[in-house]
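So you can see what is in the structure, the chains are spelled out below.
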Amino acid sequence: MPGQLMVESGGGKDFPAKLTGQVIVCSVIAACGGLMFGYDIGISGGVTGMDDFLEKFFPTVYEKKHRSREDNYCKFDNQTLQLFTSSLYLAAIVASFMASLLCKTFGRKPVIQVASVFFFFGAILNAAARDLAMLIAGRIFLGAGVGFGNQAVPLFISEIAPARYRGGLNICFQLLITIGIVMANIVNFLTAKVHPYGWRISLGGAAGPAIILLIGSTLISETPTSLIERGKKEEGIAVLKKIRGVDNVEDEYREVVAATELAKKIENPFRNLMKRSSRPQLVCGTIFQIFQQFTGINVVMFYAPLLFQTMGLGSDAALISTVITDSVNVIATSIAICFVDKCGRRKLLIQAAGQMLIAQCVMGGILTAQLKATNVMPKSSAMTVLVFIIIFVAGFAWSWGPLGWLIASEIYPLETRSAGFFFAVSMNMFCTFIIAQAFLTMLCHMRAAIFFFFAAWILVMGLFAIFILPETKGVPIDEMNERVWKKHWFWKRYHQ
């Protein structure tokens with residue numbers, strides 16, 4: 001709670017700090033970058049199921065959708081339709097690289113503000129789209145916003161948060177993603193009945209989160225680490241006192257200064273990231289993003305309405321089911337905020353891997369038995385699949401979803417932090433692109449076996465969490481090398 005004094009142990013010294021209202025407000029405002037990202041994830045899946053949208057931009061898909069005996073698994077298989085969803089993530093990869101350089105040069109706050117501007121213009125372009133080229137152009141602007149926001153926001157929160165509360169505060173970013181998804185699906189449910197331009201309202205609504213972030217970002221303080229890194233030491237120590245709620249910040253200040261001095265000696269952080277001593281963070285931060293996306297979560301998030309329609313639910317029922325699923329996503333992410341700094345990262349990851357593995361196998365088994373090429377799946381079976389989708393989403397939402405951003409943002413030393421987090425963000429966007437671009441085609445060819453494909457990945461990542469991933473709970477961000485990587489049974493060999 002605000003006003004509660006805590007002491008962080010770093011290098012044998014105590015860092016007095018309170019969980020101040022300033023830190024909470026800054027974290028929540030910055031996390032609105034997640035609101036933008038989540039709104040887009042939710043809105044794209046719903047819009048691609050709207051007949052007015054399909055008829056205007058994807059008439060071939062519209063015709064296939066309404067053929068009475070079209071293969072259930074293939075009715076939405078269209079590369080151009082998938083490009084509408086996935087093009088954003090290619091743009092985000094390029095944007096996150098630019099953002100990693102700008103974060104270091106100009107600070108985290110300006111990059112967050114630029115993200116909101118890109119996202120605003122992308123929303124306007126999409127809402128006003130007259131042809132497919134204009135629609136994709138809007139998606140590229142949105143991708144730039146996502147790339148800038150996803151690069152800067154988790155770093156911002158990890159650098160201002162006291163170590164003891166860093167996990168919960170950082171997960172605010174993922175919580176806002178889930179809230180954005182719910183908002184988007186509610187909007188989709190309402191606009192689906194507005195003909196013929198309901199899809200324009202849905203896509204244009206993305207401007208709302210962008211405006212919230214742009215206005216809110218004027219109220220937040222730059223991180224002390226970024227200020228000190230850029231030579232603004234007096235301003236940095238003033239902000240440090242402000243966000244910690246105490247005057248005795250000399251020990252923490254000296255540690256940040258030491259980290260920034262070491263970082264200045266690194267001429268090329270990307271080249272330094274390739275050194276043997278940086279390999280543990282690079283491998284864990286990057287491979288985590290692969291695992292996160294290959295759980296199959298974005299199959300549910302992007303294409304839930306289409307998936308439910310494939311199972312025989314009508315358009316309205318499909319959207320309602322999606323809203324229910326996404327509401328569970330919000331609740332489960334809130335659970336992560338409460339427990340991540342108490343239970344630790346690894347326990348949540350291991351438990352959830354088992355939960356998601358069971359859910360994927362059950363869903364695959366039911367669909368294999370019940371959903372054939374042209375039949376309508378029994379409602380009872382469809383509802384059972386919905387229940388296990390909820391179980392799957394809940395497991396992801398309190399573990400692999402939020403912790404992907406948290407762990408990648410807290411494990412790197414300052415000299416490679418921005419560059420390392422770029423690799424994490426870009427890998428996340430690249431894998432998201434692959435899933436978004438390939439899923440409907442995979443569904444057409446692999447049918448229900450696609451769920452077993454994702455289950456195999458979940459098994460591998462569960463073993464990764466058990467044996468390879470270290471625990472980072474409660475460790476000050478600039479103490480990770482000494483207290484985590486150099487003591488881990490496997491990764492310590494890279495520091496010898």
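Just so you know, these numbers come straight off a predicted model, no measurement behind them.

1. Here's the deal with the confidence of the model for the protein
Here is step 1 of the chain: The predicted model of the protein has a mean per-residue pLDDT of 87, with 90% of residues at 70 or higher.
Here is step 2 of the chain: The low-confidence segment residues 1-14 (pLDDT under 50) makes 41 contacts with residues lying over four places distant or belonging to another chain.

2. Things to note about the pattern of salt bridges
Where charged atoms from two side chains of opposite charge come close, those side chains can pair.
Here is step 1 of the chain: Scanning the entire structure with this criterion turns up 15 salt bridges.
Here is step 2 of the chain: Here Glu410 ties to Arg166 by a salt bridge, and the two come within 2.7 Å at their closest N and O atoms. Here Glu410 is found in helix α19 (residues 400-410), whereas its partner Arg166 is found in helix α7 (residues 166-191), with 244 residues between them in sequence. The same class applies to Glu410 as to Arg166, namely buried.
Here is step 3 of the chain: Here Asp251 and Arg254 are joined by a salt bridge, their closest N and O atoms 2.5 Å apart. Note that Asp251 and Arg254 are positioned in helix α12 (residues 250-264) at a spacing of three residues, about one turn of the helix.
Here is step 4 of the chain: In this structure Arg254 comes out as partly exposed when scored by relative accessible area, which is 45%.

3. Considering the side chain of Gln355
Here is step 1 of the chain: Structurally, the position occupied by Gln355 is in helix α17 (residues 345-370).
Here is step 2 of the chain: Owing to a relative accessible area of 17%, Gln355 belongs among the buried residues under this scheme.
Here is step 3 of the chain: Those residues in contact with Gln355 that lie beyond four places of it in its chain are Ile391, Ala394, Gly395 and Trp398.

4. Let's talk about the nonpolar core
Here is step 1 of the chain: Core analysis: the largest hydrophobic core is formed by 142 residues, its most contacted members being Phe53, Phe392, Trp400, Leu403 and Met429.
Here is step 2 of the chain: If near-sequence neighbours (up to four positions away) are discounted, Met429 is found in contact with Phe37, Tyr89, Ala92, Ile93, Val146, Asn150 and Trp405.

5. Overview of helix α4 (residues 79-106)
Here is step 1 of the chain: Taking 1.5 Å of rise per residue, the 28 residues of α4 would be expected to cover 40 Å, and the 39 Å separating its terminal C-alpha atoms lies within 8% of that figure.
Here is step 2 of the chain: Within α4, the axis deviates most sharply at Thr85, by approximately 45 degrees.
Here is step 3 of the chain: In the stretch just after α4, Gly107 is the one whose phi turns positive, near 105 degrees.

6. A word on the packing of helix α11 (residues 233-244) against α12
Here is step 1 of the chain: Taken N-terminus to C-terminus, the directions of α11 and α12 make an angle of 135 degrees; their axes are 11 Å apart at the nearest point. By the criterion of interaxial angle, the relationship of α11 to α12 is oblique. Here α11 and α12 pass one another in a crossing that is right-handed. For the pair formed by α11 and α12, the contact residues are Lys233, Ile237, Leu240 and Arg244 on the first element and Glu252, Tyr253, Val257 and Glu261 on the second.
Here is step 2 of the chain: Residue composition of the contact of α11 with α12, grouped by class: four nonpolar, no polar and four charged.

7. Digging into unusual backbone geometry
Here is step 1 of the chain: In the segment running from His195 into Pro196, the intervening peptide bond is cis, with an omega of 5 degrees.
Here is step 2 of the chain: For Pro196, the location among the structural elements is in the loop between α7 and α8 (198-204).

8. Here's the deal with the environment of Val484
Here is step 1 of the chain: Among the secondary structure elements, Val484 is positioned in the segment after α22 (480-483).
Here is step 2 of the chain: For Val484 and Thr472, which are 12 residues apart along the polypeptide, the C-alpha to C-alpha distance reads 6.9 Å.
Here is step 3 of the chain: Residues in contact with Val484, not counting those within four places in the same chain, are Pro470, Glu471, Thr472, Val475 and Glu479.

Conventions used here
Residue numbers here run from 1 along each chain, matching the order of that chain's written sequence. With the structure being a predicted model, the display of local features is reserved for residues of pLDDT at least 70 and the display and counting of side-chain atom pairs for 80 or more, all residues being used for whole-chain, interface and lining totals. Derived side-chain values reflect all non-hydrogen atoms in the structure, with water molecules and hydrogen atoms excluded from consideration. Confidence scores per residue from the predictor, reported as pLDDT, run from 0 to 100. Whether two residues are in contact is decided by their heavy atoms, any of which lying within 4.5 Å being enough. What makes a salt bridge here is a side-chain nitrogen of Lys or Arg within 4 Å of a carboxyl oxygen of Asp or Glu, nothing more. Helix and strand definitions follow DSSP, with helices as H or I runs of at least four residues and strands as E runs of at least two, each counted in order from the N terminus. Think of it in three bands: with a 1.4 Å probe and only protein chains considered, a residue is buried below 20% of the maximum accessible area for its type, exposed above 50%, and partly exposed in between. In this text, buried Ala, Val, Leu, Ile, Met, Phe, Trp, Tyr and Cys residues form a nonpolar core when linked through side-chain atoms within 4.5 Å. Any helix carries an expected span of 1.5 Å times its number of residues minus one. Working definition for bend: take the seven residues up to and ending at a residue and the seven starting at it, fit an axis to each, and measure the angle between the axes. Only C-alpha atoms enter the line fits that serve as axes; for helices the fit covers just the stretch in contact. Angles between N-to-C directions range over 0 to 180 degrees. Geometric relationships in this document are graded by angle, where less than 35 degrees denotes roughly parallel, more than 145 denotes roughly antiparallel, 65 to 115 denotes roughly perpendicular, and other angles denote oblique. Crossing chirality is assigned from the near helix's rotation relative to the far helix, an anticlockwise turn below a right angle marking it left-handed and a clockwise turn marking it right-handed. Under this grouping Gly is polar, as are all residues other than the nonpolar Ala, Val, Leu, Ile, Met, Phe, Trp, Tyr, Cys and Pro and the charged Asp, Glu, Lys and Arg.

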